[in-house]
Amino acid sequence: MDSLSFKIIKTESKTRISILKTTKNLEIECPNFIYPTRRGSHNHLTPDNLELIPEIKCLSIGVGDIITKPGISTLKKYNEYILQKKNPNKQKNETEKTTTLDQPTNTNKDKETEIINKPGIASFYALKNKLIFLTLRDPFLFQMTVPSIKNSVVITSYEGSSVKISAQDYNTLITEANPDIWTNLYSEQLPMPTGKKLMKLTAKNNQWAKNFSTVPKPKQTGFFSIIEGGSEIKQRQNSISQSVDKNCEGIVIGSLFLGETACQRQEILGIINEKIQEDKPKILIGDGQITDVLEAIEAGVDLFCGFFPEFVSELKLVLNLTDLFSLENVLKGDLSKFKGEFYKEYLINICDPKFRDSLKPLVQGCNCFTCQNHKSCYLYHLANSHEMTFDVLITIHNLWQFSNFFVMIREAIKIGKFTEYKKLILDYLEENQ
Ligand SMILES: [Zn+2]
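Presented here is a report on the structure given in the accompanying data block.

Criteria and cut-off values
- Residues numbered from 1 in each chain as written.
- Predicted model: local features only at pLDDT ≥ 70, side-chain atom pairs only at ≥ 80, totals over all residues.
- Helix = DSSP H or I, 4+ residues; strand = E, 2+ residues; numbered from the N terminus.
- Buried ≥ 20, exposed ≤ 12 C-beta atoms within 10 Å, placed from the backbone.
- Contact = placed C-beta atoms within 7 Å.
- Core = buried A, V, L, I, M, F, W, Y, C linked by C-beta atoms within 7 Å.
- Domains from an automatic or database assignment.
- Pairing = 2+ DSSP bridges.
- Axes fitted to C-alpha atoms, helices over the stretch in contact; angles between N-to-C directions.
- Parallel < 35°, antiparallel > 145°, perpendicular 65-115°, else oblique.
- Left-handed = near helix turned anticlockwise from the far one by under 90°.

Time to look at the overall build of the protein chain. Summing up its helical and strand segments, the protein chain has 17 helices and 15 strands in all. Counting all 433 residues of the protein chain, 45% fall into the buried class. Sequence separation of 24 or more characterises 72% of the internal contacts of the protein chain that already satisfy a separation of 6 or more.

The structure is reproduced here in structure tokens:
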């Protein structure tokens, strides 16, 4: 089986441009954005709507969501049905042999062939050409999502129901779901403890990682080790030395954006950079504010999973990134001139009466479906009338803006100007907040 590959193309200090290639031959240019979804979709968008935003190439799906619905057994039946349909001459019972991980009935070669063919969760939700990251932490929820108990982890779904899952069940889920990226089981707590409580939590997670390594692993590639340890450097080092599997294909940085300061976060990311091999891709799960994204990318993060565009859409705010923070605007040092000007804020309140008669698009030069087809006055009317269409149109625009912000970041790295680009935006935001 081909493995997931990661190639660094260009670096600027710790920041890098890279290509992450999945076993399904998807090529993702990093730094990039992983869009958190509810079972592969969004409250206001269908998978077809997502196709309107081509820069969104990576989606995350919560383990808690899919384990409650469709659940492992439905996924297993779905995989069997699709494989049977594709290979009608194959005996049904032959595919069933790999469904339980602890039954070493097939040769390794057979297993690998069948696993790579498993349609999995991407096919189940009709998510074509998207990288799927199966995540334990739900970036939408502020509540603790994975409190651990003795030999299992309890995961809370979006609807609030809790499911207890053992390492064995989790591995079966990974086998059936066949995501591109997945991690070992771990536990996060909110508020993030410090001192002895954090030491205990880190030790528990280290033990989980060790237990996990003894359970037969699914054969899928894309296994990323999770680094825990809260806001304390010592516990982070502890987690790196004891939890990181030497055969992992990447790193997910857990337990950040849970109350630590920006300085602590930078120090933690610095330690991770020092200790983890440069050629391993790094994913950071956070809220995704502009400042956080820029600082994380400067610290060498490759993929950022956050709910910021969703959050601002819920507040009826319009993102203006591609116009205000275009490379041209930022690098010529004119950002401060835009302070307070019409359309020159990075978060626009569309409910403001100044948009009532505006025939301009939400953001000049935005190529999203919303801006190409509708004027600001129409969006103003929809927002103030609480029309559901507004949620769809604003979500499409904000996701388009946020995903294209990463395109601009990559351009800045390519021309060796990321440090300058980042500094000018942060200075502007500090002045204007
Ligand atoms: Zn737009």
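So, about the nonpolar core. One finds Ile34, Cys58, Ile283 and Phe304 to be the most contacted residues of the largest nonpolar core, which totals 106 residues. Broken down by element, the residue count for this core peaks at 13 residues, all from helix α16 (residues 388–414). Residues lining this core come from more than one domain, with at least three contributed by each of domain 1 (5–306) and domain 2 (312–432). Setting aside its immediate chain neighbours within four residues, Ile283 contacts Ile34, Phe224, Gly250, Val252, Ile253, Leu303 and Cys305.

Turning next to the sheet that holds strand β3 (residues 27–30). Adjacent strands of a sheet pair through backbone hydrogen bonds, lying either parallel or antiparallel. Across the sheet, 3 strands lie side by side as β1-β2-β3; this open sheet has antiparallel pairing. In this open sheet, the two edge strands, each paired with only one partner strand, are β1 (5–12) and β3. Strand-to-strand twist across the sheet, computed as the mean angle between neighbouring axes with direction ignored, equals 15°. By the bridge criterion, 7 bridges tie β1 to strand β2 (residues 15–21) in an arrangement that is antiparallel. Along β2, the bridge assignment pairs Lys10 with Ile17.

For the rest of this paragraph, the subject is the sheet that holds strand β13 (residues 303–305). Here 8 strands make up an open sheet; going across it, the order is β6-β5-β4-β13-β12-β11-β10-β9 and the pairing parallel. The sheet is open, and its two borders are formed by β6 (131–135) and β9 (182–183), each paired with just one other strand. Pairing geometry for strand β4 (residues 32–37) and β13, over 3 bridges, is parallel. Residue Phe33 lies in a different strand from β13, and its bridge partner there is Phe304.

As a packed pair, helix α11 (residues 290–298) and helix α17 (residues 418–432) sit with axes 11 Å apart at the nearest point and diverge in direction by 155°. As the angle between them shows, α11 and α17 are arranged roughly antiparallel. Seen along the crossing, α11 lies across α17 with a hand that is left-handed. Of the residues in α17, those touching α11 at Ile290, Thr291, Leu294 and Glu298 are Lys422, Ile425, Leu426 and Leu429.

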